[in-house]
Amino acid sequence: LASSSDLAGLVSFARQFGPHWAYGLNLKFVRHSIPDTLPGKHATSFGAGLDGGVIFMPSDAITFGATVHDLTTTYLAWSNGTHELVNPTLDTGASFNFFPADRHAITLALDLAWGFERRRLDSQISVGGQTWDVRTGIEYWYHDLVAVRAGVNGKDFAFGAGVRYRQFGADYSASLN
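Residues numbered from 1 in each chain as written. Predicted model: local features only at pLDDT ≥ 70, side-chain atom pairs only at ≥ 80, totals over all residues. Heavy atoms only, no water.

Visitor: Lay out a nonpolar patch on the surface in plain terms, naming residues and giving numbers.
Guide: On the surface, a cluster of nonpolar side chains totalling about 510 Å² of accessible area is made up of Phe 13, Phe 17, Trp 21, Tyr 23 and Val 54. Elements represented by at least two residues in the nonpolar patch include exactly strand 1 (5-17) and strand 2 (21-35). A residue is classified by how much of its surface remains accessible, and Phe 13, at 41% relative accessible area, is partly exposed. (Patch = residues over 30% accessible without salt bridge, like charges linked within 9 Å, V, L, I, M, F, W, Y side chains within 5 Å. Areas by Shrake-Rupley, 256 points an atom, 1.4 Å probe, with all protein chains shown as cover. Salt bridge = Lys/Arg side-chain N within 4 Å of Asp/Glu carboxyl O. Helix = DSSP H or I, 4+ residues; strand = E, 2+ residues; numbered from the N terminus. Buried < 20%, exposed > 50% of the residue type's maximum accessible area, 1.4 Å probe, protein only.)

Set out below in structure tokens:
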């Protein structure tokens with residue numbers, strides 16, 4: 001039986017800058033394992049890269065953000081001797097928070113993912129070498145204790161739930177492709 005896996009370890013840094021701005025960086029180490037052409041064998045890779053992001057919060061109800069993934073063009077070295085460069089991508093988005101009743105919160109989000117790798121067949125919108133993917137989602141919190149979430153990325157539907165108690169929390173998510 002063939003299977004694939006992806007693992008990542010992150011070292012992160014983030015700071016608030018004044019009352020409306022925040023920024024951060026991730027140093028990431030990634031490992032991929034995919035089935036090789038020989039039965040029972042796998043090709044594995046190891047790489048490292050850097051992500052950076054910024055958030056602007058003009059009010060408690062509205063947040064704008066941008067993240068550059070693979071800012072330094074992530075380098076992957078594969079066990080079969082090949083090398084791969086992962087080009088930077090840009091995610092921009094906005095979220096809107098509503099509080100319809102006491103101890104109830106709803107967040108609506110809209111993201112636009114910008115690609116620069118000429119993935120015309122893999123993207124929702126493509127013009128020249130530029131591609132875009134639109135993602136939307138909604139999250140509902142009850143008493144700041146239990147959350148349910150749902151979202152759409154192209155034709156993929158994702159859903160999840162979370163619980164939080166004091167400083168502890170757990171989340172579950174799944175995606176239907």
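Visitor: So what's going on with the packing of aromatic side chains? Which residues, and what values?
Guide: Applying the stated criterion across every chain, the model contains five aromatic pairs. An angle of 55° between the planes, with centres 6.4 Å apart, marks the rings of Phe 13 and Tyr 23 as tilted. Of the two residues, Phe 13 sits in strand 1 while Tyr 23 sits in strand 2, which places them ten residues apart along the sequence. You can call Tyr 23 partly exposed: its relative accessible area is 38%. When the centroid spacing of 6.0 Å and the interplanar angle of 25° are considered together, the rings of Phe 157 and Phe 159 count as stacked. (Phe/Tyr/Trp six-rings, centres within 6.5 Å; stacked < 30°, edge-to-face > 60°.)

Visitor: Please set out the pairing of strand 7 (residues 89-98) residue by residue, giving values where relevant.
Guide: Each regular strand carries side chains that alternate between the two faces of the sheet. Here strand 4 (residues 62-69) runs beside strand 7; their pairing, made up of eight bridges, is antiparallel. Bridge pairing in strand 7 links Gly 65 to Gly 93. Note that strand 7 and strand 8 (residues 104-115) share nine bridges and pair antiparallel. Within the sheet, the bridge partner assigned to Asn 97 lies in strand 8 and is Thr 107. Connecting the antiparallel pair strand 7 and strand 8 is a turn made up of five residues, with Arg 103 showing a positive phi of about 70°. (Pairing = 2+ DSSP bridges.)

Visitor: So what about unusual backbone geometry? Which residues, and what values?
Guide: Phi at Thr 73 takes a positive value of approximately 60°, unusual for a residue other than glycine. Checked against the element boundaries, Thr 73 lands in the loop between strand 4 and strand 5 (74-78). Within the chain, Asp 144 stands out as a residue other than glycine whose phi angle is a positive 55°. Take Asp 144: it is sitting in the loop between strand 10 (130-142) and strand 11 (146-153). On the basis of relative accessibility, which here comes to 49%, the residue Asp 144 falls in the partly exposed class.

Just distances and angles here, no functional claims.
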